[in-house]
Amino acid sequence: MLSDDVVSAAQSGKAEAFSDIYAALAPGVNGYLKVRGLEDHEGAVQEVFLALFSRIGSVRGGFKGLRTLAFSIAHARYVDDVRRRARQPQLSPYDPDADRRAVESAETALLETLGESDIGRHLKELGPDQKEVLLLRVVADLSLEQVAEIMGKSTGSIKQLQRRALLKLKSVVERKEALL
């Protein structure tokens, strides 16, 4: 604990007195702010002493008064930090598995709707590439070139997939009609 003479010396502008005050009070102020949970407690200590030293001429009560003022300023910095954090949005990492806002694709919705119809049952008989080609060509109304680009295949292979898919669908439909 410093004497009241050090506060008087600081009030008259002696640099050594400011150093003594800082050395005596800074560890306690830093500990207080650190325990209170300030992210940048060391930066806040610097702010506290800038405010304290700018108001040192108005200090009454010697070293006890100065110490009270220092911790009052530290408490005000803590309250400011709490208010600042309360105004900031809380960020959390994005987890796509937990996001319920996801909307299923149009293709999935269509397949579920088609799956309940005769057409949907017929499409299940096709291979995945054949089904994809028919959906992109017929439902999405894309050109052969666009489908080829999307699927990463040549235009000729898309033509063949489409032809085979249509032939297979034709035979499936003819079989079902023969059973009726």
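Residue indices follow the written sequence of each chain, beginning from 1 at its first position. For a predicted model such as this one, the threshold for reporting local features is a pLDDT of at least 70, and the threshold for listing and counting side-chain atom pairs is 80 or more; totals across whole chains, interfaces and linings nevertheless cover every residue. Each side-chain value is worked out from all heavy atoms of the structure, with water and hydrogens disregarded.

Some thoughts on the packing of aromatic side chains
- Centres within 6.5 Å are what make two rings of Phe, Tyr or Trp a pair, Trp counting through its six-membered ring; a difference in plane orientation under 30 degrees is then read as stacked, over 60 as edge-to-face, and the rest as tilted. Scanning all chains against the criterion turns up four aromatic pairs.
- Judged by centre distance (6.1 Å) and plane angle (80°), the ring pair of Tyr32 and Phe71 falls under edge-to-face. Of this pair, Tyr32 sits in helix 2 (residues 15-35) while Phe71 sits in helix 4 (residues 62-87), and the two are 39 residues apart along the sequence.
- For Phe71, a relative accessible area of 24% gives the class partly exposed. Starting at the N terminus, helices and strands are each numbered in turn, a helix being any DSSP run of H or I of at least four residues and a strand any DSSP run of E of at least two. Summary of the burial criterion: residues with accessible area below 20% of their type's maximum are buried, those above 50% are exposed, and those between are partly exposed, where the area comes from a 1.4 Å probe applied to protein chains only.

Some remarks on the nonpolar core
- Residue types Ala, Val, Leu, Ile, Met, Phe, Trp, Tyr and Cys, when buried and joined through side-chain atoms within 4.5 Å, form a set referred to as a nonpolar core. With 26 residues, the main nonpolar core has Ile21, Leu25, Val29, Leu33, Phe49, Leu52 and Leu66 as its most contacted residues.
- Elements with a minimum of two residues in this core: helix 1 (4-11), helix 2, helix 3 (41-54) and helix 4.
- When residues in this core are grouped by element, the largest group, seven residues, is from helix 4.
- Residue contacts are counted whenever heavy atoms from the two residues lie within 4.5 Å of one another. If near-sequence neighbours (up to four positions away) are discounted, Leu33 is found in contact with Leu38, His41, Ala44, Val45, Val48, Ala74 and Tyr78.
- Within the second largest apolar cluster, nine residues are counted, among which are Leu136, Met151, Ile158 and Leu161.

Description of the pattern of salt bridges
- Criterion for a salt bridge: a side-chain nitrogen of Lys or Arg within 4 Å of a carboxyl oxygen of Asp or Glu. Taken as a whole, this structure holds four salt bridges when the rule is applied.
- Between Asp81 and Arg84 there is a salt bridge, and its shortest N-O distance comes to 2.4 Å. On the criterion of helical spacing, the pair formed by Asp81 and Arg84 is a turn pair, its members being three residues apart in helix 4.
- Across the salt bridge formed by Asp81 and Arg85, the nearest N and O atoms sit 2.6 Å from each other. Highlighted residues: Asp81 and Arg85, both in helix 4, separated by four residues, approximately one helical turn.

Describing the confidence of the model for the chain
- Each residue carries a pLDDT score, the predictor's own confidence in it, on a scale running from 0 to 100. The predicted model of the chain averages 85 in pLDDT, with 89% of residues at 70 or higher.
- Model confidence for the chain, summarised as mean pLDDT per element, is weakest for helix 5 (residues 106-115) at 59 and strongest for helix 3 at 94.

Here's the deal with the packing of helix 1 against helix 2
- Here the axes come from fitting lines to C-alpha atoms, over the contacting stretch only for helices, and the angles between their N-to-C directions go from 0 to 180 degrees. The N-to-C vectors of helix 1 and helix 2 enclose an angle of 130°; their axes lie 7 Å apart at closest approach. Judged by the angle between their axes, helix 1 and helix 2 are oblique. Here the hand of the crossing between helix 1 and helix 2 comes out left-handed. On helix 2, the residues that touch Val6, Val7, Ala9 and Ala10 of helix 1 are Ala17, Phe18, Asp20 and Ile21.
- Residue classes follow a fixed rule: Ala, Val, Leu, Ile, Met, Phe, Trp, Tyr, Cys and Pro count as nonpolar, while Asp, Glu, Lys and Arg count as charged, and any other residue, Gly among them, counts as polar. Of the residues contributing to the contact of helix 1 with helix 2, the split by class is seven nonpolar, no polar and one charged. Reported orientations rely on four angle classes, namely roughly parallel under 35 degrees, roughly antiparallel over 145, roughly perpendicular from 65 to 115, and oblique for the rest. Whether a crossing is left-handed or right-handed is set by the direction in which the near helix is turned from the far one by less than a right angle, anticlockwise for left-handed and clockwise for right-handed.

Description of helix 3
- Compared with an ideal rise of 1.5 Å per residue, which puts 14 residues at 20 Å, helix 3 spans 20 Å between its outermost C-alpha atoms and is within 8% of the ideal.
- Considering only its buried residues, helix 3 is in contact with helix 2 and helix 4. Here the expected span of a helix is defined as 1.5 Å times the quantity of residues minus one.

Section: the packing of helix 7 (residues 128-139) against helix 8 (residues 144-151)
- Relative to each other, helix 7 and helix 8 sit at 135°, their axes nearing to 10 Å. Relative to helix 8, the element helix 7 is oriented oblique. Crossing angle aside, the handedness with which helix 7 passes helix 8 is right-handed. Residues Asp129, Glu132, Val133, Leu136 and Arg137 of helix 7 form the contact with helix 8, whose own contacting residues are Leu144, Val147, Ile150 and Met151.

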